[in-house]
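Here is what each chain is made of, one letter per residue.
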Amino acid sequence: MAKPVKRTAVVGTGVIGSGWAARFLGAGLDVAAWDPAPNAECKARVVIEAAWPAISRRGIAPGANPSRLTFHAKLEDCVAGADLVQESAPERETLKQDLLSEIDAANPTAIVASSTSGLLPSILSAKMSRPERMLVGHPFNPVYLLPLVELVGGDRTDPAAIDIAAAFYKSIGMRPLPVRKEIVGFIADRLMEALWREALWLVNDNVATTEEVDAAVVYGCGLRWSLMGTFLTFHLAGGEGGMRHMLHQFGPALKLPWTRLVAPELTGELIDKVADGCAEQAAGRSIQELEARRDDFLVELLALVQKYWPEAEGRPGRL
Ligand SMILES: NC(=O)c1ccc[n+]([C@@H]2O[C@H](COP(=O)([O-])OP(=O)(O)OC[C@H]3O[C@@H](n4cnc5c(N)ncnc54)[C@H](O)[C@@H]3O)[C@@H](O)[C@H]2O)c1
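Just so you know, these numbers come straight off a predicted model, no measurement behind them.

J.: Is there a simple way to explain the overall build of the chain in this structure?
T.: A count of helical and extended segments in the chain gives 11 helices and 8 strands. Its C-alpha atoms give the chain a radius of gyration of 21 Å, near enough to 20 Å, the size a compact globule of 319 residues would have. Seen along its three principal axes, the alpha-carbon backbone of the chain occupies a region of about 55 × 45 × 40 Å. Pairs at least 24 residues apart make up 72% of the contacts formed inside the chain by residues separated by at least 6 positions. In the structure as shown, the chain presents an accessible area of about 17,600 Å², 60% of it carried by carbon and sulfur atoms. Side chains of the chain carry 33 positive and 39 negative charges; the gap between the two charge centres is 7 Å.

This is the structure in structure tokens:
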């Protein structure tokens, strides 16, 4: 089984891969990178530079420096010396299977983690000769700030690989959450997907604009969720009686058909409505401007969560 992680490689440096690179660099690690797109290196370096102020405010490790990122022309050279390879290629099953098999051939010992948002590790590792060191390490955007990483093993994953990955991610300031069963969508995306489907229906049915749906999250449930999540939030909704009383009081509403559950057809009209709505909300602000504002906000929010849950420190997978 692989050794503790000292050297990292990121394969695929789009939104998520460059976010991983930024987090690894901020933790004072060397990062080897590979991406087949011709302008990938330039784009990744721009992302890392933009992320660095927020990373610095969260606290960087001694010796951390964006210059410790090395881009390689060949995948084999990128992954050869790594203890952990983080794959963040496009979300296509066959592409990832082939890529993971190439990584497998080029480096027989590293932990191989896929950033997939919901594909199953047993299927992704199908073409690997050494699938026991492969797992899903599913992060959240922006990876360099959000701590959660869901860990999912496949039917041939060695539990020791999950332990090594968990220890590594924890050592770089993340909160690894091992998922007990291998299911598509894991935990967080399964939750987000449900909300996303409902949000699309509300816009599709002209109940609300994209801005109104976002306001309902931002000024209501979202504020609470950032500290307590769904269950503890509802525990308080029951007053003195807590969750048990809450379930008695609001349980019957669960039988009412409030939700649509099945996603609406993504017609051209719905796509226009959603995309135009978001453009209107952005009000001329560029993606980079919005990202910078989001990062500043998250840095302060993370400090607040730590302030109000100090006892949660050092409990992996728990608040
Ligand atoms: N975007 C998110 O919010 C998010 C969150 C969590 C996980 N993920 C997962 O991360 C992975 C990457 O998503 P993304 O949003 O960064 O996508 P992206 O499109 O931003 O980046 C994908 C990158 O992969 C590169 N690529 C193309 N073919 C490749 C190949 N054969 N081998 C290696 N790299 C290749 C592309 O050039 C591109 O730079 C996906 O599995 C996705 O499900 C995304």
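J.: Is there a simple way to explain the site of the ligand in this structure?
T.: In the neighbourhood of the ligand, 22 residues make up the surrounding shell, with I16, D35, E91, K96 and S117 lying closest. One nitrogen or oxygen atom from the main chain of G14 is found 3.4 Å from an oxygen atom belonging to the ligand. Within the side chain of E91, a nitrogen or oxygen atom sits 2.6 Å from an oxygen atom of the ligand. In isolation the ligand exposes 830 Å². Once the protein is present, 72% of that is buried. For the shell around the ligand, the elements supplying multiple residues, two or more each, are helix 1 (15-26) and helix 4 (93-106). With 3 residues, the single largest contributor to the shell around the ligand is helix 4. When grouped by side-chain class, the residues that make up the shell around the ligand number 10 nonpolar, 9 polar and 3 charged.

J.: Help me understand a negative patch on the surface, please; the structure alone is not making it clear to me.
T.: Together, E211, E212, D214, E269, D272, D276 and E280 make up a region of like negative charge exposed at the surface. Elements with a minimum of two residues in the negative patch: helix 8 (210-237) and helix 10 (268-282). It is helix 10 that provides the largest number of residues to the negative patch, a total of 4 residues. With respect to the helices and strands, E212 occurs in helix 8. According to the relative accessible area criterion, E212 is partly exposed, its value standing at 46%.

J.: I tried to follow the packing of helix 7 (residues 188-204) against helix 8 on my own but got confused; where do I start?
T.: Describing two packed helices takes the angle between their axes plus the distance from one axis to the other. As a packed pair, helix 7 and helix 8 sit with axes 10 Å apart at the nearest point and diverge in direction by 150 degrees. By crossing handedness, the relation of helix 7 to helix 8 is classed as right-handed. In this structure, helix 7 contributes L195, A199, L202 and V203 to the contact, and helix 8 contributes T210, V213 and W225.

J.: Where do I start with the sheet that holds strand 1 (residues 8-11) in this structure?
T.: Within a sheet, adjacent strands bond to each other through the backbone by hydrogen bonds, running parallel or antiparallel. Spatially, the 8 strands line up as an open sheet ordered 3-2-1-4-5-6-7-8, and their pairing is mixed. Since the sheet does not close on itself, it has two edges, and those belong to strand 3 (69-71) and strand 8 (175-178), each with one partner. Recorded for the sheet is a direction-independent mean angle of 25 degrees between the axes of neighbouring strands. Judged from the 4 bridges that link them, strand 7 (residues 148-153) and strand 8 form a sheet pairing that is parallel. Directly across from V149, in strand 8, lies its bridge partner P176.

J.: Explain the pattern of salt bridges here, please?
T.: By the definition in use, this model includes 12 salt bridges. Across the pair R57 and D296 runs a salt bridge whose closest N-O atoms are separated by 2.5 Å. Of this pair, R57 sits in helix 2 (residues 40-58) while D296 sits in helix 11 (residues 287-308), and the two are 239 residues apart along the sequence. According to the relative accessible area criterion, R57 is partly exposed, its value standing at 46%. For D296, a relative accessible area of 39% puts it in the partly exposed group. Between D98 and K127 there is a salt bridge; the shortest N-O distance is 2.6 Å. Within this pair, whereas D98 is found in helix 4, its partner K127 is found in the loop between helix 5 (121-124) and strand 6 (134-138), the two being separated by 29 residues in sequence. Taken together, the salt bridges that share partners define one network made up of E87, E91 and K96.

What counts, and at which threshold
- In this numbering scheme, every chain counts its residues from 1 along its sequence in written order.
- Given that this is a predicted model, residues contribute local features only at a pLDDT of at least 70 and side-chain atom pairs are listed and counted only at 80 or more, while totals for whole chains, interfaces and linings are drawn from all residues.
- Computation of side-chain values: all heavy atoms of the structure, hydrogens and water removed.
- Secondary structure elements follow DSSP: runs of H or I no shorter than four residues count as helices, runs of E no shorter than two count as strands, and numbering proceeds from the N terminus.
- For a compact globule the rule gives 2.2 Å times the number of residues to the power 0.38, and the radius of gyration it is set against comes from C-alpha atoms.
- In what follows, a contact means two residues having at least one pair of non-hydrogen atoms within 4.5 Å.
- Only the protein chains shown count as cover for residues, and the accessible areas themselves come from Shrake-Rupley with a 1.4 Å probe.
- Positive: Lys, Arg. Negative: Asp, Glu. His and the chain ends are not part of the count.
- Note that the charge is assigned to NZ on lysines, CZ on arginines, CG on aspartates and CD on glutamates.
- Any residue with a non-hydrogen atom lying within 4 Å of a molecule or strand is treated as near it.
- For this analysis, a polar contact is any N or O atom pair within 3.5 Å, provided that within protein one partner can donate a hydrogen and the other can accept it, and provided that sequence-adjacent residues contribute only side-chain to side-chain pairs.
- Gly falls in the polar group here, along with every residue not listed as nonpolar (Ala, Val, Leu, Ile, Met, Phe, Trp, Tyr, Cys, Pro) or charged (Asp, Glu, Lys, Arg).
- What makes a patch is a set of residues exposed beyond 30% relative accessible area and free of salt bridges, joined within 9 Å when like-charged and within 5 Å when nonpolar (Val, Leu, Ile, Met, Phe, Trp, Tyr).
- When a carboxyl oxygen of Asp or Glu lies within 4 Å of a side-chain nitrogen of Lys or Arg, that pair is called a salt bridge.
- Relative accessibility thresholds used throughout: buried, under 20% of the residue-type maximum; exposed, over 50%; partly exposed, between the two (1.4 Å probe, protein chains only).
- A fitted line through C-alpha atoms represents every axis, and for helices the fit uses only the stretch in contact; the resulting angles, taken between N-to-C directions, go from 0 to 180 degrees.
- Definitions for this section: a left-handed crossing has its near helix turned counterclockwise from the far helix by less than a right angle. A right-handed crossing has that turn clockwise.
- The pairing criterion is simple: DSSP has to find at least two bridges between the two strands.

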